[in-house]
Protein chains: 2
Amino acid sequence: MNLRQLSAFVAIHEEGSFSRAAERLAATQSGLSMQIRNMEERLGLRLFERTARGVTPTEAGRHLYGVAVDILHRLDAAEIDLRNLSKIVSGPLAVGLMPTFTRGVLAPVLSDLIADHPDVTLRVIEGYSALLVEMVAAGELDFAVVPHPVTREGLRVEAFGRDREILVMRAGGARAHLAPAALAEIASMKLVLPLRGNARRDRLEAAFAESGLVPEATLDMDAMIATLDFVARSDYATILPATICTADLGGAERWLHPIVDPALSVNYALISPATRAMSPAARAFLDRLRIAHAESDARWTRIFAEGPAARRSQPKN
Amino acid sequence: MNLRQLSAFVAIHEEGSFSRAAERLAATQSGLSMQIRNMEERLGLRLFERTARGVTPTEAGRHLYGVAVDILHRLDAAEIDLRNLSKIVSGPLAVGLMPTFTRGVLAPVLSDLIADHPDVTLRVIEGYSALLVEMVAAGELDFAVVPHPVTREGLRVEAFGRDREILVMRAGGARAHLAPAALAEIASMKLVLPLRGNARRDRLEAAFAESGLVPEATLDMDAMIATLDFVARSDYATILPATICTADLGGAERWLHPIVDPALSVNYALISPATRAMSPAARAFLDRLRIAHAESDARWTRIFAEGPAARRSQPKN
DNA sequence: TCTCTGCCATCACAGAGGCTGATGCCATGA
DNA sequence: TCATGGCATCAGCCTCTGTGATGGCAGAGA
């Protein structure tokens, strides 16, 4: 049993198909077929049941999957450890982030990282969670941060942090900048929301439903930046994670309103390929991202706390 | 980095030499040399410092050793698990035991094992600890039980149990069968003891020294069975682990005397190759051996407890 | 029921990579 | 200074693995 076989096995298990796994590994279907056959012969048992639409793991296969992922991860971690025992942080790093982060906190993280570790070759991929999840699972990204929950084989999932949902409207409206808005009020507004199927949309709809509400008028749009632009020049409002709104704290183009009754939050997950370990470069990026996110969160905590005061000094209407 | 390289690395680390590792792996020195070179090039660092008398691991090498042993062990365990998910216990099993065990408790263990698992091909190697340790380290044995402490790279060491040291004399002497003997009395007897360097001999000498004693007359002999024979037909006494004396509990040929003031004990260690996992056959053998040893130990506990009574009913002299 | 499609198994062949055995070089110790 | 033991290197071989083509099978849709 060798490591090639082991990673082939893992890929097939995750893809549920020899052909797709071959594609992902840049190998051939027949090659994988032979590898699995060899493993099965050696072990004297079947690892996959072959069906007409792919393969499903046997009990033995499921058992092996856990062990294999663990072993490959350990080995990768060891290799990274060794390679960096006495080396500067360097190498390629591919990170997947949602617009929330790229707009909200990426810039300082980036300049900080580049200043400290100029030898890191960085690629940041901006995208929505479904895309990022697939790219991480395919090993194309070192890690990504996406909304929890994530359930996909082949991913190592870890809690990353929390964010608050904020109502965003164009500046100059009836409600003062930073004055809170109750969910019941929001339901009667004209809203731009992400498409159904998007994790945040489902989460929002559930929150409305829990309060017995249904948003009256919605425009569905899976494009946060475009949404922000649109909101700034129309009477539509939208609901966005606090982090992405950091740039609007000044209240120049958009006014922000913490959502209350109830407050809504998003949990983020850090996802990485299950068999790979974090490189020092990835760790360096992540540390800074965590810090930046925590700072942003702290800022919003203050704002939520000061909300009533703001309302008093700038009375609504 | 593949598994062949990893096991080559482990063997070299343990042997401290490419040549010796090659011998152990039934490979060639040049082959190992190339494998390590490839690993080193890949990692961009040196794993071994080459000296004229062999190799010593670098810091990176020492680090990798721990990880490599762990990975190989996990993989072996997984393979064994899988292979036996739905199979009867079978396969070859090589076990190393000291005469203590082969004479003391092996027979019932064996017949029990063979009855339950007829497909196990068993080889029992009888030998002293140094030999067994080497054989286990070389991967020739699935496991062995030897006196603690054991310090040798490449071994997984686990406590196995304890045994008591017993004074053995020919039958019909002045001291009643099973009557205790104090260490001070023993020091003045003619004793057959294992050779210096043997773990038990060193342990015994230390015990004497702690009580300010020096054995007066000793015959050095590293052969337990021969010692037992010799003691039965001479006025020499010897000190042996209780387990080996089980057959003499009847008192026909030899009389046994628990040692007191102080009581002496031996600790046994179960050793197995660090990178290999216990096969079900090995586990089955071990379970039975543990039980047999525990029963023997319990029997001796009773005897120690009843010692004074025995002395009263059969007054000394 | 028939066909079409997608998937996996098998095979012969080509390629790569690792292993071997010989040789060379170096350090050590007598 | 020489003998010894140990590792590095090299050319060639050989094994083993992956490739690409082909075939068979099962399910989905008409």
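None of the values given here were measured: they were computed from a predicted structure.

Break down the protein's contact with DNA strand D for me, citing the residues and quoting the values.
Close contacts around DNA strand D come from 20 residues, with T28(A), Q35(A), S19(B), S33(B) and R50(B) the closest. Per the 4 Å cut-off to the protein, sugar and phosphate atoms form 67% of the nearby atoms of DNA strand D. Interatomic distance of 2.7 Å between a side-chain N/O atom of Q35(A) and a phosphate oxygen of DNA strand D. At 2.7 Å, a side-chain N or O of S33(B) approaches a phosphate oxygen of DNA strand D. Mapped by element, the contributors of at least two residues to the surface near DNA strand D are helix 3 (29-43) of chain A together with helix 2 (18-25), helix 3 (29-43) and strand 2 (54-57) of chain B. Grouping the constituent residues of the surface near DNA strand D by class yields six nonpolar, ten polar and four charged.

Now, about the interface of chain B and chain A: what can you tell me, with residues and values included?
The interface is formed by 22 residues belonging to chain B together with 22 residues belonging to chain A. Together, the buried faces of chain B and chain A total about 2,200 Å²; carbon and sulfur atoms form 70% of this surface. Across the contact surface, chain B and chain A share four salt bridges. Here R74(A) and D70(B) are joined by a salt bridge, their closest N and O atoms 3.0 Å apart. Across the contact surface, chain B and chain A share four residue pairs in polar contact (both at pLDDT 80 or more).

Any chance you could break down the pattern of salt bridges for me, citing the residues and the numbers?
Applying the stated criterion across every chain, the model contains 46 salt bridges over all chains. Connected through salt bridges with shared partners, the residues E14(A), E15(A), R20(A) and R24(A) form a single ionic network.

Let's hear about unusual backbone geometry: which residues, and what values?
Residue and element names in this part refer to chain A. Cis geometry is adopted by the peptide bond preceding P262, which originates at D261 and carries an omega value of -10 degrees. Structurally, the position occupied by P262 is in the loop between strand 11 (254-260) and strand 12 (265-273). Of note, L178 is a non-glycine position whose phi angle comes to about 75 degrees, a positive value. Within the secondary structure, L178 is located in the loop between strand 6 (155-170) and strand 7 (181-182).

Definitions and limits used
- Residue positions are counted from 1 within each chain, in the order its sequence is given.
- Lettering of chains starts at A and numbering of ligands starts at 1, both following the order in which they are written.
- Under the rules for a predicted model, residues below a pLDDT of 70 receive no local features and side-chain atom pairs below 80 are neither given nor counted, while totals for whole chains, interfaces and linings still include all residues.
- Processing note: side-chain calculations cover all non-hydrogen atoms of the structure and skip hydrogens and water entirely.
- What makes a residue near a molecule or strand is one non-hydrogen atom of that residue sitting within 4 Å of it.
- We call two N or O atoms a polar contact when they sit within 3.5 Å, provided that within protein one can donate a hydrogen and the other can accept it, with sequence-adjacent residues counted only if both atoms are side-chain atoms.
- Strands here mean DSSP runs of E at least two residues long; helices mean DSSP runs of H or I at least four residues long; both are numbered from the N terminus.
- Each residue gets one of three labels, nonpolar for Ala, Val, Leu, Ile, Met, Phe, Trp, Tyr, Cys and Pro, charged for Asp, Glu, Lys and Arg, and polar for the others, Gly among them.
- Any two residues having at least one pair of non-hydrogen atoms within 4.5 Å are treated as being in contact.
- Values labelled buried area give the accessible surface lost by two parts on being combined, using a 1.4 Å probe and summing over both.
- One side-chain nitrogen of Lys or Arg within 4 Å of one carboxyl oxygen of Asp or Glu is enough to make a salt bridge.

By themselves, these observations are geometric and do not establish any function.
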